[in-house]
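Close look at the chain arrangement
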Amino acid sequence: MDFNVTQIGTVDSEFEQPTGPDEMRDAECTIVVDDAYEDALYRIEDNDHFKIVFYIHEADEPTLRGPRRYGVERGTFACRSPNRPSPIGTTTVELLERDGLELRVRGLDAIDGTPVLDIKPYAPSLDQPDEQDEDRCEAPRGRIERAIRNREREELLLRTGEIHGHFCPYLALGVMAGVHAMRELKTESEGMEDIVAIVETNSCFADGVQIVTGCTFGNNALIYRDFGKTAVTLVSRDNPDEGVRVHVKEREEIIERDYPAARELFDRVIGEGKGTPADRERLTERWAEVAFDLIERPIHDLCDVESGVAVDLPDRAPVFEDAICADCGESVMAPKAVERDGERYCRDCVDGSFLQLDGRGLGRIEPSE
Ligand SMILES: [Zn+2]
Ligand SMILES: [Zn+2]
């Protein structure tokens, strides 16, 4: 069967001849799109990465099998040889800049003059191998639950880094505490308040707990008690007398005793705010090293663990109806509205006091006079 494909642009590159793939992948080049396809570039800047499909115009006769890179013999469909029955190349590139019909990209391993056949946004859901992809709608936490079962704490720490943004000791301890409690309760979490976590701190520890237990601020399965202790109690609603509490013992001492250099750096950079940018970078590295070291240690070295903890749980989160604030017109959960002279207002508009959770914990904010 024959098909029609169309050249939609051309590669403008410093490489006249195929060069080492690594060297080409590091370089920048320009894709010049033909006038006729200008409309097809509309909002292309919304994406950073693209799959470029191109015609390998200087390919040799196709070979179906032969020695490939590093001398190993392979079939053409088992390697990236340019000499293929359909001499088509695909590469993922980063879009650096668009100037009219010209796309400056990095990572394209195509030589100067290569006809470009198509440009598509890179879509991780389609382009990235992911064995579990098909299960992710049914079991969004499938991989996390599997990692808990397999005690893959490092994998869980890596995942937690995705929302936490950095790796640090308390994040690791939160992951450890979460894994231990989930395994003790022999449970999985669907984020529907069947499993509830009560955290006693809003430090980095709480993020480790949230990812591993699936009990989060937003799904109301996370309860915050403002005790300032690095501790979490995990409990199932079915069995509220059988909670598991994990408390990090000697909170400060662990780091001071076992990782003194990292601690000293932390005190200087964060505590006193005195470090240079290089110190800051070093701290990020050292802190991550500490986190990945801690995560492999036995939990009983670092934490007190208690089972059979009875927990007084609030009812499941109610569904509130909305009120409309008579001043700003925004909708507000009715029980949170304030009544004044028969009208309902949001707390922001009445300028009364309110509760705020921030880095200091939970506190009442008084109106500014
Ligand atoms: Zn942190
Ligand atoms: Zn208002």
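Reference entry: report on the structure contained in this document. The structure displayed is predicted, hence computed values, not measured ones.

Next up on the list: the coordination of the zinc ion (ligand 1). Each angle at a metal carrying four tetrahedral donors should ideally be 109.5 degrees, and each at a metal carrying six octahedral donors should ideally be 90 or 180 degrees. In the first shell of the zinc ion (ligand 1), the protein supplies His164 (NE2), His166 (NE2), Cys168 (SG) and Cys204 (SG), at 2.1 to 2.3 Å from the metal. Every donor counted, the four donor atoms about the zinc ion (ligand 1) form angles of 89 to 137° at the centre, which fits irregular coordination. Sequence spacing of the donors to the zinc ion (ligand 1): H-x1-H-x1-C-x35-C. Within this pair, whereas Cys168 is found in the loop between helix H4 (153–164) and helix H5 (169–185), its partner Cys204 is found in helix H6 (residues 204–213), the two being separated by 36 residues in sequence. Look at Cys168 and you get buried, because its relative accessible area is 2%. The exposure class assigned to Cys204 is partly exposed, which follows from its relative accessible area of 22%.

This next bit is on empty space enclosed by the protein. Over the atoms, a rolling probe the size of a water molecule traces out where space has been left empty. Summed over the entire model, instances satisfying the criterion amount to one cavity of 30 Å³ or more. As a volume, the largest cavity reaches approximately 30 Å³. Along the walls of the largest cavity sit Ser13, Phe15, Met24, Ala27, Glu28, Cys29, Leu108 and Ala110, which together make up its complete lining. Its residues assigned to classes, the lining of the largest cavity shows six nonpolar, one polar and one charged.

Next up on the list: the coordination of the zinc ion (ligand 2). Bound to the zinc ion (ligand 2) are the protein donor atoms Cys325 (SG), Cys328 (SG), Cys346 (SG) and Cys349 (SG), situated 2.3 to 2.4 Å from the metal. In this structure, the zinc ion (ligand 2) is surrounded by four donor atoms whose angles at the metal cover 101 to 119°, and the resulting shape is tetrahedral. Counting the intervening residues between successive donors of the zinc ion (ligand 2) yields the motif C-x2-C-x17-C-x2-C. Since its relative accessible area comes to 2%, Cys325 is described here as buried. Given the relative accessible area of 36%, Cys328 is considered partly exposed.

Moving on: the sheet that holds strand E12 (residues 243–248). Spatially, E10-E9-E11-E12-E13 is the arrangement adopted by the five strands of the open sheet, whose pairing is mixed. Both edges of this open sheet fall to strand E10 (222–224) and strand E13 (303–309), since each of them pairs with a single strand only. On average, adjacent strands in this sheet sit at an angle of 15° to one another, irrespective of strand direction. H6 rests against strand E9 (195–199), E10, strand E11 (231–236) and E12 of the sheet, and its axis sits at about 20° to E11.

Take the pairing of E11 next. Judged by how many residues are buried, E11 sits mostly within the fold: six of six residues are covered. Of the two faces of E11, the one holding Ala231, Thr233 and Val235 and the one holding Val232, Leu234 and Ser236 are both buried throughout. Pairing of E9 with E11, which is carried by five bridges, proceeds in the antiparallel orientation. Bridging across to E11, Ala197 finds its partner in Leu234. One ladder, built from four bridges, connects E11 with E12; its direction is antiparallel.

Here Glu193 lies in the loop between H5 and E9. Sequence-distant contacts of Glu193, defined by excluding residues within four places in its chain, comprise Asn219, Asn220, Ala221, Arg237, Asp315, Arg316 and Ala317.

Okay, the sheet that holds strand E6 (residues 88–99) next. The six strands are arranged E1-E2-E7-E6-E3-E8 in a closed barrel whose pairing can be described as antiparallel. For this sheet, the mean inter-axis angle between neighbouring strands, taken without regard to orientation, is 45°.

Taken as a whole and judged by the stated rule, the model has zero disulfides. Take Cys303: it sits in no disulfide, and the sulfur closest to it among the cysteines is that of Cys168, at 14 Å.

Rules of the game
- Residues numbered from 1 in each chain as written.
- Chains lettered and ligands numbered in written order.
- Predicted model: local features only at pLDDT ≥ 70, side-chain atom pairs only at ≥ 80, totals over all residues.
- Heavy atoms only, no water.
- Donors = N, O, S within 2.8 Å, 3.2 Å for Na, K, Ca; no water.
- Tetrahedral: all angles 85-135°; square planar, octahedral: opposite > 155°, others 65-115°.
- Helix = DSSP H or I, 4+ residues; strand = E, 2+ residues; numbered from the N terminus.
- Buried < 20%, exposed > 50% of the residue type's maximum accessible area, 1.4 Å probe, protein only.
- 1 Å grid on protein atoms, 1.4 Å probe; cavity = no way out; pocket = protein on both sides within 12 Å on 5 of 7 lines; lining within 4 Å.
- Points joined across faces, edges and corners; volume = space filled by probe spheres on them.
- Nonpolar A, V, L, I, M, F, W, Y, C, P; charged D, E, K, R; others polar.
- Pairing = 2+ DSSP bridges.
- Axes fitted to C-alpha atoms, helices over the stretch in contact; angles between N-to-C directions.
- Contact = heavy atoms within 4.5 Å.
- Disulfide = S-S within 2.5 Å.

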